[in-house]
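Chain by chain, the residues run as shown.
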Amino acid sequence: MDKDRKIIETLSSVTTATLTTILLKKGLRNVWLRGTKPLCPGQPRLVGRAFTLRFVPAREDLATPESWSSPKSTRAAIEAMPEGCIAVVDAMGVKDAGIFGDILCGRMAKKGVAALITDGVVRDVAGVLSTGLPVWCDGAAAPPSVAGLTFVNWQEPIGCGGVAVYPDDIIVVDDDGAVLIPAALVDTILELAPEQERLEGWIMQEVDKGVSLPGLYPPNDENKARYEASKG
């Protein structure tokens, strides 16, 4: 838990844009979950471990209202979510069936789930917003999930927005969308991210002063020395 607190404290001050740059330098290009847009403007930057859920295409004998009472249902998955997790839902980009509505989101909020992230859509938008659960998705649709999707499992590897997400990977989400940090790289990112954010903040200050970009961004040796001196 102490490590998770450190992860949250450190990465809450780092933009997803900065994280994608650092991950790119580490050889990871595909870490931004496509279609994950804030449902409501002004949602805070959030950090948490991924709790994964997976849908597959609807099949008429399985995708029924009766399936909501199955032991393998979205309802059961929500009850398994730990406080502080970020629910990441593989909806295959389907936009004409809402995966969750106000009741399910309300239960997630009560359980202390940090956020819902999906490459699909939600329903009952006014109700979802009233729950206070931060949501990143690709829009809204009135039909229920079973109109286009079959829920199959939770806490297994998924593909969300074209990105492979494993349970307990770290998710950081802000106005630019959701970014995945593989669990194995978290320590490296924690070391590099704050310094990268400070450097870019200094570069922005120089831009505000009218300094030209060549040699500044990225900084040449002279500007690196000026940056280091500014820290002292």
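This text follows the structure it describes.
All figures in this text were calculated on a predicted structure; none of them were measured in a lab.

Visitor: For this particular structure, what's the right way to read helix 1 (residues 2–11)?
Guide: Given 3.6 residues per turn, any residue in an α-helix points the same way as the ones three and four places further on. When we look at burial in helix 1, the residues that qualify are I7, T10 and L11. The buried residues of helix 1 occupy an angular sector of 80° when projected down its axis, which confines them to one face. Turned more than 90 degrees off the buried face of helix 1, the exposed positions are D2 and E9.

Visitor: Mind showing me how you'd approach the pairing of strand 11 (residues 177–181) here?
Guide: Regular strands show a simple pattern: their side chains alternate between the two faces of the sheet. Most of strand 11 is tucked away: five of the five residues are buried. As paired elements, strand 1 (residues 32–33) and strand 11 share two bridges and run antiparallel to each other. Bridge pairing in strand 11 places L33 opposite A178. Two strands pair when backbone bridges link them, and strand 10 (residues 170–174) and strand 11 are joined in this way by five bridges, in the antiparallel orientation. Note on strand 11: the bridge partner recorded for I171 is L180. Linking strand 10 back to strand 11 in an antiparallel pair, the connection comprises two residues.

Visitor: Would you mind going over the environment of G42 with me for this structure?
Guide: Turning to its location among the elements, G42 is positioned in the loop between strand 2 (37–38) and strand 3 (46–57). Residue classification places G42 among the exposed residues on the basis of a relative accessible area of 66%. Along the sequence, G42 and W32 sit 10 residues apart, while their C-alpha atoms lie 19 Å from each other.

Visitor: Would you take a moment to explain the environment of E228 for this structure?
Guide: Its location among the elements puts E228 in helix 7 (residues 221–231). Placed 151 residues apart in sequence, E228 and A77 show a C-alpha to C-alpha distance of 49 Å.

Visitor: Help me out: how do you make sense of unusual backbone geometry in this one?
Guide: The phi angle of most residues is negative, glycine excepted, and most peptide bonds adopt the trans form. Geometrically, the link from Y217 to P218 is a cis peptide bond, its omega value of 5° lying close to zero. Mapped onto the elements, P218 comes out in the loop between helix 6 (186–208) and helix 7. Non-glycine residue M92 carries a positive phi angle of around 60°. Summarising the element assignment, M92 is placed in the loop between strand 4 (86–90) and helix 4 (102–110). Of the residues examined, M92 reaches a relative accessible area of 38% and is grouped as partly exposed.

Basis of the calculations
Residues numbered from 1 in each chain as written. Predicted model: local features only at pLDDT ≥ 70, side-chain atom pairs only at ≥ 80, totals over all residues. Heavy atoms only, no water. Buried < 20%, exposed > 50% of the residue type's maximum accessible area, 1.4 Å probe, protein only. Helix = DSSP H or I, 4+ residues; strand = E, 2+ residues; numbered from the N terminus. Arc of directions from axis to C-beta. Pairing = 2+ DSSP bridges.

Distances and angles like these do not, on their own, reveal function.
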